[in-house]
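# Observations on the model geometry
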Number of protein chains: 2
Amino acid sequence: MTPSDLTPHIERGLADLRDLVTLESVSAQGRMLPETAAFVTRLLEAEGFTVCEYPGEVAPVLVAEAGEGPATLLIYNHYDVQPEDPLELWDTPPFALTERDGRLYGRGASDDKGEFASRLAAVRAVRERHGGRLPLRVRWLIEGEEEVGSPSVERFVEKHAEELRADGCWWEFGSIDPEGRPVMYLGLKGIMCVELRCRVADSDLHSSLGAVVDNPLYRLARAVASLRDETGRVTIPGFHDDVREPSPADREAVARVPGDRESVRGTYGVTRPLATGAAYHERLNLHSVINVNGWGGGYQGEGSKTVLPAAGFVKLDFRLVPDQDPARVLALLRSHLDAQGLGDVEIVELEAHQKPARADADHPFVRACVEAAREAHGTDPIVNPSSGGSGPMHPFGAFLGVPCVALGIGNVGERVHAPNENILREHFGKGVAFGAALLERLGRGLG
Amino acid sequence: MTPSDLTPHIERGLADLRDLVTLESVSAQGRMLPETAAFVTRLLEAEGFTVCEYPGEVAPVLVAEAGEGPATLLIYNHYDVQPEDPLELWDTPPFALTERDGRLYGRGASDDKGEFASRLAAVRAVRERHGGRLPLRVRWLIEGEEEVGSPSVERFVEKHAEELRADGCWWEFGSIDPEGRPVMYLGLKGIMCVELRCRVADSDLHSSLGAVVDNPLYRLARAVASLRDETGRVTIPGFHDDVREPSPADREAVARVPGDRESVRGTYGVTRPLATGAAYHERLNLHSVINVNGWGGGYQGEGSKTVLPAAGFVKLDFRLVPDQDPARVLALLRSHLDAQGLGDVEIVELEAHQKPARADADHPFVRACVEAAREAHGTDPIVNPSSGGSGPMHPFGAFLGVPCVALGIGNVGERVHAPNENILREHFGKGVAFGAALLERLGRGLG
């Protein structure tokens, strides 16, 4: 397919994206999820898909199917987004797709509405070329709970394995590096999100009583400080026991990932890197990590207030690697805090756990993705054994036996999960081209 | 003076307090300070005081004088209050004095508008008894910056020493214990309030980057955890070097302070006391302490958000004892953080420092206060060498050479600096009676 064949489909896809961004589908806050599912359903039905809607824990799960051919492609996306706050740091309204200097800004522009819209545009282009039919079977799983840990997906994939069976799964994200090379990921870290809470009194006290009443924020600080060391290595006893050492092949693969460390540092003004040079991608892609997402408690206004807070909280996420198990890590965290004399620090699980997953780079579907990427981008993709991010990839390997390949339209400065989330217009077009190339290639069989 | 002589003055004083509480004189936020100073001036002028208003750093400083006699009493109060937040935890509006079950609720009901109003009512009663004149000289220093660390007072007292010269100073607060015994304080801790800040990037990042970018909240947690130990003892090297060991007399005095530990624990639902039994008052009144007042950073909303925060902050206060110097403690804190590898954690001073102070229990003015308290309360006062709280007491000893005695109307459940601040109506009346007794006694000379 020539680039000019795709132009109208790219424009149509951007129009879809503009509509999708206006839908404030924040799953953490339960906003506009059924409405967004219904809109996505209409978009898919218009392209000949049969769509089934199933109830999820907080949002509907959609399974769509269309086409017939020698291969079956499963696509996984999500229609929910992260909360938009802090609102004051957005340069333009988060729920209005806004173009500036070749970039399109908005919550979900990249994660994951931009990915979905570019793939739908690719489906349209291929259907048009084939006289209104798809030369392969496309199955599409689209959920609305990804940003709250996909609590429904593990059980859903197990239960609906027959409907979802495929030769391979195109995962919901991916990126294109500043040199125009697509970056492929064959795995994801697991994740566990918790809140630590501590309370020492019914109400705030005058801070002079700090001499005789313990301080909940001190106790939480001690808890946080005990979880890792200066280098970022997790120090919870037993945490590393189940870590499968990265294979030499995985190590070689991450060593071949070109360094975007400096561009990341420059883009975000990072002042305190934990890894540079060769260690960067090994840590980002293959090591587990604990992160503090936020904390609050006591007086946060202007100036000072000499108060002893009654209570405080800390939000944490744990990013896990094969074969760490979130349930076991949760138990280790509890034992660790107890052993530190912090038995009164409560652990509240914030969302469903996700197990880590990694696919085999030699699978024919992975090779087909590499070839389609080379064709669409005119350059070899960078193949990364795992992303630093997380998602519900584990059940796809466990219950469907398919490799998941993440290839998409993200960029180094995309600010996913943060204010001013964006994509490059050019990358959206490249994403449509890759999708079309992958569908055409699979339409000729997996070989 | 008989109790019935005082009744109309008590009611008039409560009416003054009701008016004062409606004035939202929050110094940390610069709210309604000149208006409140003007209202206080009118109240004093109505009782024959000559009032001079001087500019302070954030609010006017008032010096009032009235009367003539064998002794001069200096009274110190403040007309500013703490911020009212968290507003949702108030059972009634913070800026409307509301009576329930013998208690009067409102911001400043105790600290310090209730104290001021009860003393003004005592002045009225004594004036009336003496045919409209006071039998002693009363000098009154009333500032509006106490809740932000009294940045003007040290220099003001030094500069205006001649205008403020007196035989003794009646300090702005004090309390009455559940058995009806007045609790006197002869000293205050020093205080230093700071904010620790850490920033690692220009904007929030996706938390997967926590594998390769350090976390500002972890760094702040490590800083906080390094400042004290499990028992509450400060662990900054050199911090204790300048602490003057409490004298045997001070230790005996605090040992004689009856235990209100259990009532404090019960009233506030305290679950984690740092000291019980004999250690309670020794720590509360004679030991220095670090307290975490509040912290913020990253995502604080519902559920989770997998973000690596760009920055965070922690607010701290240090309560110091003689002869610790806030400026030296600040320098020690900086050196300590640097030595911990936390040179990037910024220290921001939030308000002026205050040095600790303690008076001599044998001074004739202290004895006069003890006797007036015995007369008004019908029981011996509890004499405490120091409060656990802070205030600008140091310059009164250093530049005026007078002892400061805190005696007032607070109660164990007063919730000063917190939601539902309150006084007992009965204590307000006792405060008026004590004030009248002290003025009468000093009107007969210090003996």
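Before reading on, note that the structure itself is shown above.
Thresholds, definitions, all that
Residues numbered from 1 in each chain as written. Chains lettered and ligands numbered in written order. Predicted model: local features only at pLDDT ≥ 70, side-chain atom pairs only at ≥ 80, totals over all residues. Heavy atoms only, no water. Helix = DSSP H or I, 4+ residues; strand = E, 2+ residues; numbered from the N terminus. Contact = heavy atoms within 4.5 Å. Phe/Tyr/Trp six-rings, centres within 6.5 Å; stacked < 30°, edge-to-face > 60°. Buried < 20%, exposed > 50% of the residue type's maximum accessible area, 1.4 Å probe, protein only. Least-squares fit on C-alpha atoms with pLDDT ≥ 70 in both. Expected span 1.5 Å × (residues − 1). Buried area = accessible area lost by both parts, 1.4 Å probe. Salt bridge = Lys/Arg side-chain N within 4 Å of Asp/Glu carboxyl O.

What follows is about the environment of K305 of chain B. When you line up the elements, K305 of chain B lands in the loop between strand 13 (289–298) and strand 14 (307–308). Once the C-alpha coordinates of K305 of chain B and S207 of chain B are considered, the two residues, 98 residues apart in sequence, prove to be 8.7 Å apart. Ignoring any residue separated from it by four or fewer positions in sequence, one finds K305 of chain B in contact with Q82, P83, D85, P86, N293 and H417 of chain A together with Y299 of chain B.

Attention now goes to the packing of aromatic side chains. Enumeration according to the criterion identifies 19 aromatic pairs over all chains in this entry. With 3.8 Å between their ring centres and 0 degrees between their planes, W295 of chain A and W295 of chain B make a pair best called stacked. In this pair, W295 of chain A sits in strand 13 (residues 289–298) while W295 of chain B sits in strand 13, so the two residues belong to two different chains. According to the relative accessible area criterion, W295 of chain A is buried, its value standing at 0%. Judged by centre distance (6.4 Å) and plane angle (45 degrees), the rings of F239 of chain B and F318 of chain B are tilted.

Moving on to the relation of the copies chain A and chain B. Screw-axis analysis of chain A against chain B gives a translation of 0.0 Å along the axis, an RMSD of 0.0 Å, and a rotation angle of 180 degrees. In the structure described here, the two chain copies are related by an operation that fits a two-fold rotation axis. A share of 100% of interface residues in chain A that are also interface residues in chain B marks the association as one of identical surfaces.

Moving on: helix 10 (residues 326–339) of chain B. The periodicity of an α-helix, 3.6 residues per turn, causes residues three or four positions apart to be oriented the same way. All names here are of chain B. For helix 10, built from 14 residues, the straight-helix expectation of 20 Å at 1.5 Å per residue is met to within 8% by its first-to-last C-alpha distance of 20 Å. Check the buried side of helix 10 and you find it contacts strand 11 (190–199), helix 6 (216–225), strand 15 (311–320) and strand 16 (346–349). Downstream of helix 10 by a residue or two, G341 has a phi angle that is positive, lying close to 75 degrees.

Every contact between the two is made by 83 residues of chain A and, on the other side, 84 residues of chain B. Of the roughly 7400 Å² buried at the junction of chain A and chain B (both faces included), carbon and sulfur atoms supply 54%. Among the residues chain A hides against chain B, the three largest losses belong to Y218, R272 and W295 of chain A. Together they make up 11% of the total. Taken together, the connections running from chain A to chain B amount to ten salt bridges. For D214 of chain A, the salt bridge goes to R272 of chain B, with nearest N and O atoms at 4.0 Å.

Any link to function would need more than the numbers given here.
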